Amino acid sequence: MNTKVWKVDKYVDNLENNPQVVDAANFLRDNEVVALPTETVYGLGGNAESDEAVRKIFAAKGRPSDNPLIIHIAGKKQLRSFVAEIPEKAERLMEAFWPGPLTIILKKIDGVLSETATAGLATVGVRMPDHPVALALLKSCGLPIAAPSANSSGKPSPTNADHVIDDLNGKIAGVIDGGATGIGVESTVVDCTEAIPVILRPGGVTKEQLESVVGEVHVDAALTDEAARPKAPGMKYRHYAPNAPLYMVSGTANFLQNLVEEKRQEGLRVGVLTTEENAGVFEADVVLACGKRTELETVATSLYDTLRRFNQEKVDVIYSEVFPNTGVGHAIMNRLQKAAGNKLIVE
Ligand code: AMP
Ligand code: MG
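Definitions and limits used
Residues numbered from 1 in each chain as written. Chains lettered and ligands numbered in written order. Predicted model: local features only at pLDDT ≥ 70, side-chain atom pairs only at ≥ 80, totals over all residues. Heavy atoms only, no water. 1 Å grid on protein atoms, 1.4 Å probe; cavity = no way out; pocket = protein on both sides within 12 Å on 5 of 7 lines; lining within 4 Å. Points joined across faces, edges and corners; volume = space filled by probe spheres on them. Nonpolar A, V, L, I, M, F, W, Y, C, P; charged D, E, K, R; others polar. Buried < 20%, exposed > 50% of the residue type's maximum accessible area, 1.4 Å probe, protein only. Helix = DSSP H or I, 4+ residues; strand = E, 2+ residues; numbered from the N terminus. Pairing = 2+ DSSP bridges. Polar contact = N/O pair within 3.5 Å; in protein donor to acceptor, adjacent residues only side chain to side chain. Contact = heavy atoms within 4.5 Å. Axes fitted to C-alpha atoms, helices over the stretch in contact; angles between N-to-C directions. Near = heavy atom within 4 Å. Areas by Shrake-Rupley, 256 points an atom, 1.4 Å probe, with all protein chains shown as cover. Sits in = over half its atoms within 2 Å of the grid points.

1. Comments concerning empty space enclosed by the protein
Stage number 1. Counted by the stated rule, this structure contains one cavity of 30 Å³ or more.
Stage number 2. Of the pockets and cavities examined, the largest cavity occupies roughly 40 Å³.
Stage number 3. As for the largest cavity, its lining consists of Thr-188, Ile-199, Pro-202, Gly-203, Val-205, Thr-206, Lys-207, Gly-327, His-330 and Ala-331.
Stage number 4. Partitioning the lining of the largest cavity into residue classes produces four nonpolar, five polar and one charged.

Structure, rendered in structure tokens:
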């Protein structure tokens, strides 16, 4: 398959009628799959009402079939056709954070969406993305769009169109290149089918922000206890992994540098994932600064691109600094833990 690339400037007016966007929307209506920029990461979109389209998403990514997809909408009105009820707290969260990086799990109306998209569950995860191109595409095609991240399953999520092409060229109908994404980690997933909302996946909206709108919010036990079964099926898989084994290191710079030396003596090519503040401190084959430690948002923005750059550099092993587990650091550490398969070395 020849994968089309539509270049779209997200700042131009009237995006909904932009010929490139309209062309991509026609592919979606024909049940083809198309990658699109959002404010979190690039998504791989397909008609959420069509089993045919949704199967193409799973096939292109190599995604396990028990991992449901997030449904993307252009406005709250679209919920009426496939959501059974909107609890009051969910309503308030939508008001506060949509459009934005928050996925809300609600009870679904059976028989509207593809059962493949929702992995046969009685619930559905929905969000309204905060990106002009994504919103224009959603309006232009008029469909609810199922969209996981547009990467091969298990790899770091894509934060620009080149990442998408690296993973999916020839496997999808096209990609809308709308430039680099902003937030860089996926949406927060919050289950609103219970009286107290539960965070199933940390992401772009922090627990503190959610609590400021709806009061008490719980965190799924699986996020802190490895033995617990996650309520978001996707959270049990290894994810975001670079090709080389990645170790998180909790300790001083000296301690991390000693680990680097040991591996270099074995003749290995060693990478260090650090931040701008510490980039000059380490000596290794490849030292990559992933944002600024004092501004954790910048670490989130660069994380996946940095993990992918280690692949290009063909390192044999990667040591990474760890980050505080609060605010957006919660999402960063969750992704790093997955990428490392939980390998942590403590001084
Ligand atoms: P991705 O599409 O890669 O961003 O992953 C979507 C995440 O949302 C995965 O962890 C899914 O398991 C989770 N998710 C989607 N729909 C549901 C649902 N109905 N219930 C629980 N988790 C969900
Ligand atoms: Mg993903």
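2. A closer look at the pairing of strand S6 (residues 123–127)
A regular strand places its side chains on the two faces of the sheet in alternate fashion.
Stage number 1. Most of S6 sits out of view: four of its five residues are buried.
Stage number 2. Across three bridges, the pairing between strand S4 (residues 70–72) and S6 is parallel. Within S6, the residue paired with Ile-71 across the bridge is Val-126.
Stage number 3. The pairing of strand S5 (residues 102–107) with S6 spans four bridges and is classified as antiparallel.

3. Here we look at the layout of surface pockets
Stage number 1. Looking at the largest pocket, its volume works out to about 870 Å³.
Stage number 2. Lining the largest pocket are 49 residues, with Arg-63, Asn-67, Pro-68, Ala-232 and Gly-234 sitting closest to its centre.
Stage number 3. Elements represented by at least two residues in the lining of the largest pocket include exactly S4, S5, S6, strand S9 (188–191) and strand S10 (198–201).
Stage number 4. A total of four residues in the lining of the largest pocket trace back to one element, the largest contributor, which is S6.

4. Notes on the side chain of Gln-257
Stage number 1. Examined against the element boundaries, Gln-257 turns out to sit in helix H7 (residues 253–265).
Stage number 2. Side-chain polar atoms of Gln-257 contact the side chain of Glu-261, separated by 2.7 Å.
Stage number 3. Excluding its chain neighbours within four sequence positions, the residues that come into contact with Gln-257 are Val-281, Phe-282 and Glu-283.

5. Brief notes about the sheet that holds strand S7 (residues 145–146)
Stage number 1. Ordered in space as S1-S8-S2-S3-S7-S4-S6-S5-S9-S10-S11, the eleven strands form an open sheet in which the pairing is mixed. The sheet is open, and its two edges are formed by strand S1 (4–7) and strand S11 (218–219), each paired on a single side.
Stage number 2. Here S10 pairs with S11 via two bridges, running parallel. When the bridges of S11 are listed, Ile-199 appears paired with Val-219.
Stage number 3. Sheet contacts for helix H1 (residues 19–29): S1, strand S2 (34–36), strand S3 (43–47), S7 and strand S8 (174–177); angle to S1, the most-contacted strand, approximately 140°.
Stage number 4. Helix H2 (residues 51–61) contacts S3 and S7 of the sheet and is inclined by roughly 155° relative to S3.

6. Thoughts on helix H4 (residues 132–141)
Stage number 1. Counting buried residues along H4, eight of its ten residues qualify, which places the element largely inside the surrounding structure.
Stage number 2. All buried positions along H4 are accounted for by Val-133, Ala-134, Leu-135, Ala-136, Leu-137, Leu-138, Ser-140 and Cys-141.
Stage number 3. Summarising the contacts, the buried residues of H4 are in contact with H1, S2, S4, S7 and S8.
Stage number 4. Taken from the residues just after H4, Gly-142 is the one with a positive phi, measuring 70°.

7. Re the environment of Ile-86
Stage number 1. Mapped onto the secondary structure, Ile-86 falls in the loop between S4 and helix H3 (88–97).
Stage number 2. For Ile-86, a relative accessible area of 32% translates into the label partly exposed.
Stage number 3. Between the alpha carbons of Ile-86 and Glu-39 there is a distance of 24 Å; along the sequence they are 47 residues apart.

8. Thoughts on unusual backbone geometry
Stage number 1. Of note, the amide linkage connecting Trp-98 to Pro-99 takes the cis form, showing an omega dihedral of -5°.
Stage number 2. By secondary structure assignment, the location of Pro-99 is in the loop between H3 and S5.
Stage number 3. Despite not being glycine, Lys-314 shows a phi value in the positive range, around 50°.
Stage number 4. For Lys-314, the position within the fold is in the loop between helix H8 (296–312) and strand S15 (317–321).

9. With respect to the site of ligand 1
Stage number 1. Around ligand 1 sit 19 residues, and of these Arg-63, Asn-67, Thr-123, Arg-201 and Gly-234 come closest.
Stage number 2. A distance of 3.0 Å is found between an oxygen atom of ligand 1 and a side-chain nitrogen or oxygen belonging to Arg-201.
Stage number 3. Here Gly-234 contributes a backbone N or O atom positioned 2.7 Å from an oxygen atom of ligand 1.
Stage number 4. Relative to its unbound accessible area of 500 Å², ligand 1 is 95% covered by the protein chains.
Stage number 5. Here ligand 1 occupies the largest pocket.
Stage number 6. Among the secondary structure elements, those contributing two or more residues to the shell around ligand 1 are S6 and S10.
Stage number 7. The class makeup of the residues in the shell around ligand 1 is eleven nonpolar, five polar and three charged.

It is worth stressing that arrangement in space is one thing and function is another; only the former is reported here.
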